Amino acid sequence: MELKEHFTNKIFNLISKTADEMGLECYAVGGYVRDIFLNRPSKDIDIVVVGSGIEIAQAFGKKLGRGAHVSVFKNFGTAQVKYHDTEVEFVGARKESYSHDSRKPIVENGTLEDDQNRRDFTINAMAVCLNQARFGELVDPFGGMEDLKERIIRTPLDPDITFSDDPLRMMRCVRFATQLNFYIEDETFAALERNKERIKIISRERIADELNKILLSPIPSKGFVELDRCGLLELIFPELTALQGVEVRNGRAHKDNFYHTLEVVDNISKVSNNLWLRWATLLHDIGKPRTKRWEPKIGWTFHNHNFIGEKMIPDIFRKMKLPMNEKMKYVQKLVGLHMRPIVIADDVVTDSAVRRLLFEAGDDIDDLMMLCEADITSKNEARKQRFLDNFKLVRQKLKDLEEKLEAERIQKEKAAEERRRAEEARKAEAERIRKEEEQKEIERQKKAEEERIATEKAEAEKKQSVPEMSQDVPTEQAAVPEKEENVPTQETEPAVDPFAQARPVPEKKCRTKFFAIGTRDQLKALVAYMKESGIKYGKVE
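Notes on the structure follow.

Thresholds, definitions, all that
Residues numbered from 1 in each chain as written. Predicted model: local features only at pLDDT ≥ 70, side-chain atom pairs only at ≥ 80, totals over all residues. Heavy atoms only, no water. Helix = DSSP H or I, 4+ residues; strand = E, 2+ residues; numbered from the N terminus. Buried < 20%, exposed > 50% of the residue type's maximum accessible area, 1.4 Å probe, protein only. Contact = heavy atoms within 4.5 Å. Areas by Shrake-Rupley, 256 points an atom, 1.4 Å probe, with all protein chains shown as cover. Axes fitted to C-alpha atoms, helices over the stretch in contact; angles between N-to-C directions. Parallel < 35°, antiparallel > 145°, perpendicular 65-115°, else oblique. Pairing = 2+ DSSP bridges.

So, the overall build of the chain
In step 1: What the chain contains, in helices and strands, is 22 helices and 17 strands.
In step 2: Counting every position in the chain, which comprises 541 residues, the buried fraction comes to 42%.
In step 3: Taking all contacts inside the chain whose residues are at least 6 apart in sequence as the whole, residues at least 24 apart take part in 66%.
In step 4: On the chain, roughly 31,400 Å² of surface is accessible, and the fraction owed to carbon and sulfur atoms is 49%.

Some words on the packing of helix α19 (residues 351-361) against helix α21 (residues 381-465)
In step 1: At a minimum axis separation of 10 Å, α19 and α21 run at an interaxial angle of 75°. Looking at the two axes, α19 sits roughly perpendicular to α21. On the side of α19, the interface is formed by Asp-351, Val-354, Arg-355, Leu-357 and Leu-358, while α21 contributes Val-394, Lys-397, Leu-398, Leu-401, Glu-402, Lys-404 and Leu-405.

Topic: the side chain of Thr-86
In step 1: Its location among the elements puts Thr-86 in strand β5 (residues 86-92).
In step 2: On the basis of relative accessibility, which here comes to 16%, the residue Thr-86 falls in the buried class.

Some points on the sheet that holds strand β3 (residues 68-73)
In step 1: Here seven strands make up an open sheet; going across it, the order is β3-β4-β5-β2-β1-β8-β9 and the pairing mixed. The sheet is open, and its two borders are formed by β3 and β9 (138-139), each paired with just one other strand.
In step 2: Relative to β5, strand β2 (residues 44-50) is paired through six bridges, and the arrangement is parallel. Looking at β5, one finds that Ile-45 is bridged to Val-88.
In step 3: Against the sheet, helix α3 (residues 53-64) contacts β1 (25-29), β2, β3, β4 (78-83) and β5, and its axis sits at roughly 170° relative to β3.

Some points on the environment of Lys-95
In step 1: Note on placement: Lys-95 falls in strand β6 (residues 94-97).
In step 2: Classification of Lys-95 as partly exposed rests on a relative accessible area of 37%.
In step 3: Distance in space between the C-alpha atoms of Lys-95 and Thr-111 is 7.8 Å, their sequence separation being 16 residues.

In short, the description is geometric, and any link to function would need to be established separately.
Dropping the structure here:
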């Protein structure tokens, strides 16, 4: 293989030019080089510089210009350059030494050989020179290329030293073997067994990160089997190893739930890359050891193991520093419900049972069905096929029910929209009537006001047209009522007197002079009243 062909990118040309200008040796190392030979695409590039990695990173970032972002980590002697979708990490060549109670090394400047010695595995210790004079030259002191061909995971130096110095490398060893489907070299594996207790100094977060990568590999069971073989699994995940073993009583045995679980995980990995669905699958039978019972009539039982397992999930996630959020609740739900479709499939599939299942699973119903189908690992092919056929029926009923519910939802939304529009129309009509009544009231008040003003104006005009009657006017010209003393008056029905307050009550044998001012009609009414009452009066003008 001509390595130069894999380093024609602008990135490598600029790194080469920068290194030569600064007079520094510069190499591509680690996973990027390994993945070239494995034909796996990679955008994360590790660069080792015999000198200052930070200085060359800063100079390289300037050459890239706009779009390049340089991050410097002085405490670690590293720098990272991000350019579009590519990340380049620069580090100075170094040698490391460790204390027994920590995986944090004491770091010193070193040569390329020192840097390759500190690498975890031979396949990650290969380097390719980027200086122009030796551009594309492979530096492989530990036979990494041969190990790639043989598909072997092996440490460059003594594996006991490698694993004791940094115990996380034991998890990485198993993880690389799982991801690449490689074998762990015998002496390297033996060192895993000898140094397993050192894993206790590693944080739970780092261990969980490696477990996640194992779970996301094509065949996760390989990693868990290797962890179990070397003794690491019991130290980091005792709840899982508790599933191991087969007990026989009266000729009746139960399956080994550990290997059953791993088989189910491999099955789910064929149909989904969802990490948390894989976690739910790994934990779906985690409650079985606590619910294991022997019943003479039916044999071994694990009643309610799904509910017990559901309750165990938060403690497991908390201990392993996994997220205590919706992801944990999702895993809980699937573990708690994973027996429901199996029970339905083992009996007559009724609409009501399917409806309840859909209601409880909600949006996770497809993931639940995938888990349950993966859980069918029976060696009895007829029974296995019956379950799978019934699962198809359950899926079809779920599909029909979802379509029916969707149609009902659309119909309800349509009815709700019609009600909304009718309510809006009713409110609009009520508002129209209110405005009409309001306008009528305004017009009525306006008309009443106009009539009042007209009446006041007419009365004022009439008052101005009637002459005043003064006391200075001669008696004979005024209306002077007269009444003789002892003259009997004719008793009649009292008439309505519009001027009762202005008219003095006639007394016996008296003469009274007064004048009255009013409208013509009022004066006429006064004269008529005096006539009816027998009151004598003088001239009225």
